[in-house]
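Structure assessment
Here is how the chains run, residue by residue.
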Amino acid sequence: MTTTARPRPWHAQVLTLFPEMFPGTLGHSLAGKALERGDWRLEVMDIRGFAKDKHRTVDDTPFGGGPGMVMRPDVVDAALAAALQPAENGEPVGPAIYLSPRGRVLDQDLVQDLAAGPGCVLVCGRYEGLDERVIEAHGLMEVSLGDFVLSGGEPAAIALIDAVVRLIPGVMGAAETLEEESFERGLLEYPHYTRPADWQGRPVPEILLSGHHEKIKAWRLRQAEEVTKLRRPDLWAAYQKRRAETQG
Ligand code: 4HQ
């Protein structure tokens, strides 16, 4: 009997004051099934568990005054040290990320980079966020879900993990995997249709009923290009630039 060496599954370590928010949606559907199979791992660490005083204080008032509270650097540092323990022992853990609107906006390129690595450590902030010095001291990579304000980093961490996990081999069915094509090329999705062929007087585009696979493919690409041009000039410009570079 032989055993095949299995690569360590992709590993998310989440540092949060609300551990009960996990796995949340990640425990459902394809991500949840994959989690049960061990195709990826989720470790949730309660930051409060690293507070040292008898009241388990995790936050304090901001120097300079102003509203809200700031997460204490010593407590977050202790939690990060615990999460990074495997790295100390030479086990890869992937980048340590702080979810924050000040960060690089998450995109599919970053999602792919993370999926290609061993995992990541995700720090979820509450209140006004972390003391700047603990971000600096650990060289935390700041990542934003977008230009809006959440009440905490947890929903952003869940979204990031969801996007990564669906790229792990075996997590998605074959059909869902192929679906990546369009955005992978930097385009928005072409429109999708299913039965009935005529719904409330709205017919499906005729080409889709033709059975001409090449023509359908060309039509879909055209649709993806048109919707991208119209709605996301930024993505369209990047797409054209890449097209010009790869072939004149
Ligand atoms: N927050 N993308 C403030 C976000 C956010 C975002 C998380 C609110 C961190 C301290 N996180 N806390 N946008 O709005 O990731």
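These lines cover the structure that appears in this document, whether it is placed above or below. (Residues numbered from 1 in each chain as written. Predicted model: local features only at pLDDT ≥ 70, side-chain atom pairs only at ≥ 80, totals over all residues. Heavy atoms only, no water.)

We now examine the overall build of the protein. What the protein contains, in helices and strands, is ten helices and nine strands. Its C-alpha atoms give the protein principal-axis dimensions of roughly 70 × 60 × 45 Å. In the protein, buried positions account for 37% of the 248 residues. If you take every contact in the protein between residues at least 6 apart in sequence, the share linking residues at least 24 apart comes to 74%. Just so you have it, the protein exposes about 15,300 Å², and 54% of that area is on carbon and sulfur atoms. (Helix = DSSP H or I, 4+ residues; strand = E, 2+ residues; numbered from the N terminus. Buried < 20%, exposed > 50% of the residue type's maximum accessible area, 1.4 Å probe, protein only. Contact = heavy atoms within 4.5 Å. Areas by Shrake-Rupley, 256 points an atom, 1.4 Å probe, with all protein chains shown as cover.)

Another point: the nonpolar core. Counting 29 residues, the largest nonpolar core has W10, W40, L122, L160 and I161 as its most contacted members. Looking at this core, the elements that each hand over two or more residues are β1 (10–16), α1 (29–37), β5 (96–105), α4 (108–116), β6 (119–123) and α6 (154–165). Sort the elements by how many residues they give to this core and α6 lands first, with eight residues. Ranked by size, the runner-up nonpolar core spans 22 residues in total, among them L15, I47, L80 and A96. (Core = buried A, V, L, I, M, F, W, Y, C linked by side-chain atoms within 4.5 Å.)

Another point: the site of the ligand. Residues in contact with the ligand amount to 17 residues; listed here are only the nearest, L99, L145, G146, F148 and L150. Within the backbone of F148, one N or O atom sits 2.9 Å away from a nitrogen atom of the ligand. Contact with the protein chains removes 95% of the 360 Å² of surface that the ligand exposes when unbound. The set of elements that each furnish at least two residues to the shell around the ligand consists of β5 and β7 (141–144). Here the shell around the ligand takes four residues from β5, the largest share from any one element. (Near = heavy atom within 4 Å. Polar contact = N/O pair within 3.5 Å; in protein donor to acceptor, adjacent residues only side chain to side chain.)

Looking now at the sheet that holds strand β2 (residues 40–46). Across the sheet, five strands lie side by side as β2-β1-β6-β5-β7; this open sheet has parallel pairing. Lying at the two open borders of the sheet, with one neighbouring strand each, are β2 and β7. Strand-to-strand twist of the sheet, defined as the mean angle between neighbouring strand axes without regard to direction, takes the value 35°. Across three bridges, β5 lies against β6 in parallel orientation. Each residue of the ladder has a partner; that of I97, found in β6, is L122. Here α6 sits on the sheet in contact with β1, β2, β5, β6 and β7, set at roughly 175° to β1. (Pairing = 2+ DSSP bridges. Axes fitted to C-alpha atoms, helices over the stretch in contact; angles between N-to-C directions.)

The next thing to look at is a nonpolar patch on the surface. Nonpolar side chains collect at one region of the surface, where L145, F148 and L150 lie side by side and expose about 230 Å² of accessible area between them. Here L150 lies in the loop between β7 and α6. For L150, a relative accessible area of 35% translates into the label partly exposed. (Patch = residues over 30% accessible without salt bridge, like charges linked within 9 Å, V, L, I, M, F, W, Y side chains within 5 Å. Salt bridge = Lys/Arg side-chain N within 4 Å of Asp/Glu carboxyl O.)

Within the sequence span of α4, burial applies to Q108, L110, V111 and L114. Down the axis of α4, the sector holding all buried residues measures 160°, keeping them to one side. Structural note: α4 exposes D113 and A116 on the side pointing more than 90 degrees away from its buried face. (Arc of directions from axis to C-beta.)

The omega torsion across F22 and P23 is 0°, close enough to zero to call that bond cis. The topology assignment puts P23 in the loop between β1 and α1. The peptide bond linking R195 to P196 adopts the cis configuration, its omega dihedral lying at 0°. Positive phi outside glycine occurs at S29, with the angle close to 55°. Structurally, S29 is set in helix α1. You can call S29 exposed: its relative accessible area is 57%. For Q200, which is not glycine, the phi dihedral falls at a positive 50°. Tracing the sequence through the fold places Q200 in the loop between β8 (198–199) and β9 (202–203). Owing to a relative accessible area of 64%, Q200 belongs among the exposed residues under this scheme.

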